Amino acid sequence: EIFGPVLHVAKFKASKLDDVIQAINATGYGLTFGLHSRIDDRVETVCQQVRAGNIYVNRNQIGAIVGSQPFGGEGLSGTGPKAGGPHYLTHFTQPELVTAIDSPASKPVKLKSVQTAIDQLDVDYFNEQACEILPGPTGESNRWASYGRGLFLCLGPTLEAAQAQADICRNAGCSALIIAPGAALDGVLAASALTHLEGFDGVISWADEASCRAYKTALAARDGAILPLLAGQKNSAQLHIERHVCVDTTAAGGNVELLASL
């Protein structure tokens with residue numbers, strides 16, 4: 001980290017705002033994001049597209065208060081529930097466990113087939129599952145929301161287990177891709193494949209300890225965001241990501257005619 005005073009300025013045309021947001025999301029980091037604008041439509045557009053744990057509008061980006069601004073990011077900037085969020089304590093509880101399932105003898109599924117199936121899925125990263133208005137000082141709005149984390153690979157290891165995992169994912173607002181003997185992607189996914197596949201956000205496997213350890217090792221070897229493995233769990237907070245938007249509601253006004261023209 002460089003501790004200021006340093007200010008980096010990069011100009012862009014208003015018509016390129018979507019491209020700028022895509023570039024920000026593509027960095028893989030998502031701790032905090034700040035925006036200053038009196039144009040309500042622009043604020044709404046940015047808040048709906050930026051993948052960051054905390055978004056601050058028309059105020060500073062420091063001083064998060066427990067209970068008002070739950071803190072924590074996503075991607076390379078966070079791996080679990082937000083500190084001070086409504087579900088933070090449940091993260092420390094023991095989830096319902098399932099008995100490890102022996103992996104059936106089956107051929108490895110082709111890496112190219114899996115990647116093609118991932119690429120064909122339209123994953124919604126803004127699938128809101130719950131929201132809550134949190135308390136805060138006068139003149140400040142604090143909104144917390146929980147979203148489905150994205151796409152999970154459901155690896156069974158049996159077809160029945162993979163189908164149950166997919167149901168859990170979809171109930172949590174996530175997308176699911178089943179890879180198991182007898183499925184459309186018929187076979188077993190080699191642990192090494194997880195190092196090379198792109199476009200997924202987590203893995204579920206109820207296989208034996210050795211198999212799950214191999215999956216964890218492969219996930220840890222990846223570049224980019226830290227991806228979870230749900231091993232032996234029927235439900236987990238890791239299926240969700242949490243985002244918080246803090247708005248200084250007193251920063252209004254300005255030239256109404258000019259704002260309307262934009």
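Scroll up for the structure.
Cut-off values and rules
- Residues numbered from 1 in each chain as written.
- Predicted model: local features only at pLDDT ≥ 70, side-chain atom pairs only at ≥ 80, totals over all residues.
- Heavy atoms only, no water.
- Pairing = 2+ DSSP bridges.
- Helix = DSSP H or I, 4+ residues; strand = E, 2+ residues; numbered from the N terminus.
- Axes fitted to C-alpha atoms, helices over the stretch in contact; angles between N-to-C directions.
- Core = buried A, V, L, I, M, F, W, Y, C linked by side-chain atoms within 4.5 Å.
- Buried < 20%, exposed > 50% of the residue type's maximum accessible area, 1.4 Å probe, protein only.
- Contact = heavy atoms within 4.5 Å.
- 1 Å grid on protein atoms, 1.4 Å probe; cavity = no way out; pocket = protein on both sides within 12 Å on 5 of 7 lines; lining within 4 Å.
- Points joined across faces, edges and corners; volume = space filled by probe spheres on them.

Engineer: Quick rundown of the sheet that holds strand S6 (residues 140-148)? Include the residues and the values.
Structural biologist: Sheet strands pair by backbone hydrogen bonding; their relative direction is either parallel or antiparallel. The strand order across the open sheet formed by five strands is S2-S3-S11-S6-S5, and the pairing between neighbours is mixed. Looking at strand neighbours, the two that pair on one side only are strand S2 (32-35) and strand S5 (128-134), the edges of this open sheet. Each neighbouring strand pair of the sheet contributes to a mean axis angle of 15 degrees, computed without reference to strand direction. Sheet analysis places S5 next to S6, joined by six bridges and oriented antiparallel.

Engineer: Could you give an account of the nonpolar core, naming the residues involved and the relevant values?
Structural biologist: The tendency in soluble globular proteins is for nonpolar side chains to be buried side by side. Residues Val114, Leu153, Leu177, Ile179, Leu189, Leu194 and Phe200 are the most contacted members of the largest nonpolar core, which totals 26 residues. Those elements giving two or more residues to this core turn out to be helix H3 (111-120), strand S7 (151-154) and helix H5 (209-220). Top contributing element to this core by residue count: H5, with four residues. Residues contacting Leu194, with those up to four places away along its chain left out, are Leu153, Leu189, Phe200, Val203, Tyr215, Ala218, Leu219 and Arg222. Core analysis: the next-biggest nonpolar cluster, separate from the first, contains 18 residues, Ala162, Ala176, Trp206 and Leu239 among them.

Engineer: Tell me about the sheet that holds S7, and please be specific about residues and values.
Structural biologist: Ordered by their spatial adjacency, four strands build an open sheet running S8-S7-S9-S10, and the pairing between neighbours is parallel. Each edge of the open sheet is held by one strand with a lone partner, namely strand S8 (175-178) and strand S10 (229-231). Neighbour-to-neighbour, the strand axes of the sheet open up by a mean angle of 20 degrees, direction not taken into account. Across the sheet, H5 lies against strand S9 (202-205) and S10, angled at about 170 degrees from S10, the strand it touches most.

Engineer: Give me the layout of surface pockets: which residues, what numbers.
Structural biologist: Put simply, the largest pocket is a space of about 720 Å³. His8, Ala10, Ile24, Phe33 and Gly34 are the residues nearest the centre of the largest pocket, which is lined by 18 residues in total. When residues of the lining of the largest pocket are traced back to their parent elements, those giving at least two are helix H1 (17-26), S2 and helix H2 (40-49). Looking at the lining of the largest pocket element by element, the count peaks at four residues for H1.

Engineer: Which residues make up the side chain of Arg222, and what values do they have?
Structural biologist: Relative to the helices and strands, Arg222 resides in the loop between H5 and S10. Arg222 sits in the buried class, given a relative accessible area of 12%. Not counting residues within four places of it along the chain, the set of residues in contact with Arg222 comprises Leu194, Thr195, Leu197, Glu198, Phe200 and Leu227.

Note that every value here comes from positions in space, so none of it alone points to a role or purpose.
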